[in-house]
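# Geometric and topological summary
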Amino acid sequence: TVPAQQPSGMDHWDHLLIWATAAAGFWLLYPLHMPLSYMDTDFLDYCIGVVSLDHVELRTPYKRSAFAALPSYGFGRGAGLVNGMALASIAAYLGILYTAVFWVRSYAAGRMPLLCTLALFCSMAPLLSLGRMFNFYPEVILFTFLGALLVKRALERPDPMGFFLGGAGVSMAFLSDVR
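In short, a report on the structure.

Moving on: the overall build of the chain. Across its full length, the chain carries eight helices and zero strands. For the chain, the α and β elements follow one another from N to C terminus as α-α-α-α-α-α-α-α. Each of the 179 residues in the chain was classed as buried or not, and the buried ones make up 37%. Taking the contacts inside the chain whose residues are at least 6 apart along the sequence as the reference set, 68% of them involve residues at least 24 apart. In the form shown here, the chain has an accessible surface area of approximately 10,100 Å², with 72% of it arising from carbon and sulfur atoms.

It is worth spelling out the side chain of Thr 99 at this point. As for its position among the elements, Thr 99 is in helix α4 (residues 81-105). Within polar-contact distance, the side chain of Thr 99 engages the backbone oxygen of Gly 95 at 2.7 Å.

This brings us to helix α2 (residues 43-51). Since one α-helical turn is 3.6 residues long, residues separated by three or four positions face the same way. Three or more residues of α2 are buried, namely Phe 43, Tyr 46, Cys 47, Gly 49 and Val 50. Looking straight down α2, one finds that the buried residues subtend no more than 160° of arc, so they occupy a single side.

Residues Ile 18, Leu 97, Leu 118 and Phe 121 are the most contacted members of the largest nonpolar core, which totals 15 residues. Elements with a contribution of two residues or more to this core: α1 (12-33), α4 and α5 (112-123). Considering every element that reaches this core, the biggest residue donor is α4, with seven residues. Excluding residues that lie within four positions of it along the chain, Leu 97 makes contacts with Ile 18, Ala 22, Leu 118 and Phe 121. Counting ten residues, the second-largest nonpolar core is a separate cluster that includes Val 50, Ala 68, Ala 69 and Phe 136.

Moving on: the environment of Tyr 93. Looking at the element boundaries, Tyr 93 is found in helix α4. Residue class for Tyr 93 comes out buried when judged on its relative accessible area of 3%. Along the primary structure Tyr 93 and Met 133 are separated by 40 residues, whereas in three dimensions their C-alpha atoms are 9.8 Å apart.

Definitions and cut-offs
- Residues numbered from 1 in each chain as written.
- Predicted model: local features only at pLDDT ≥ 70, side-chain atom pairs only at ≥ 80, totals over all residues.
- Heavy atoms only, no water.
- Helix = DSSP H or I, 4+ residues; strand = E, 2+ residues; numbered from the N terminus.
- Buried < 20%, exposed > 50% of the residue type's maximum accessible area, 1.4 Å probe, protein only.
- Contact = heavy atoms within 4.5 Å.
- Areas by Shrake-Rupley, 256 points an atom, 1.4 Å probe, with all protein chains shown as cover.
- Polar contact = N/O pair within 3.5 Å; in protein donor to acceptor, adjacent residues only side chain to side chain.
- Arc of directions from axis to C-beta.
- Core = buried A, V, L, I, M, F, W, Y, C linked by side-chain atoms within 4.5 Å.

As structure tokens, this is what we get:
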């Protein structure tokens, strides 16, 4: 019998490929896939959702999640509201790429799974557009990816920490999107 390959850690070339894919998707491939405006019609809802975390008299719009607004709020503390939303989208986009690669790497070793994952991302217009969105969808997708990864960990290792992380993953997914 042939022993199964053990997943290995990521080296500097893996990180370089992820960042190159993110940059290509952000600047080159996105305009080819989706030549749309960078802001959507609910932009005001998202702005109020971020600002409402600082002001008691404002309520987070009922269709939006205050939990999903936290990254934009955090980045916006020093960079301003719109820049904070942009930085949160870019960070979430990179987080989604890293989470997907980490997930695939837990099943297969080598560079080919990484390349296949990144090629899949480059072929999907909605995934490429995440880094350019001024809304909470990049954060919602990141929290859903991370939540699913934590639930996967809980199912693979049913110990107290696994159950805690699985519960945190489910909570993260529920808190990030109110629908």
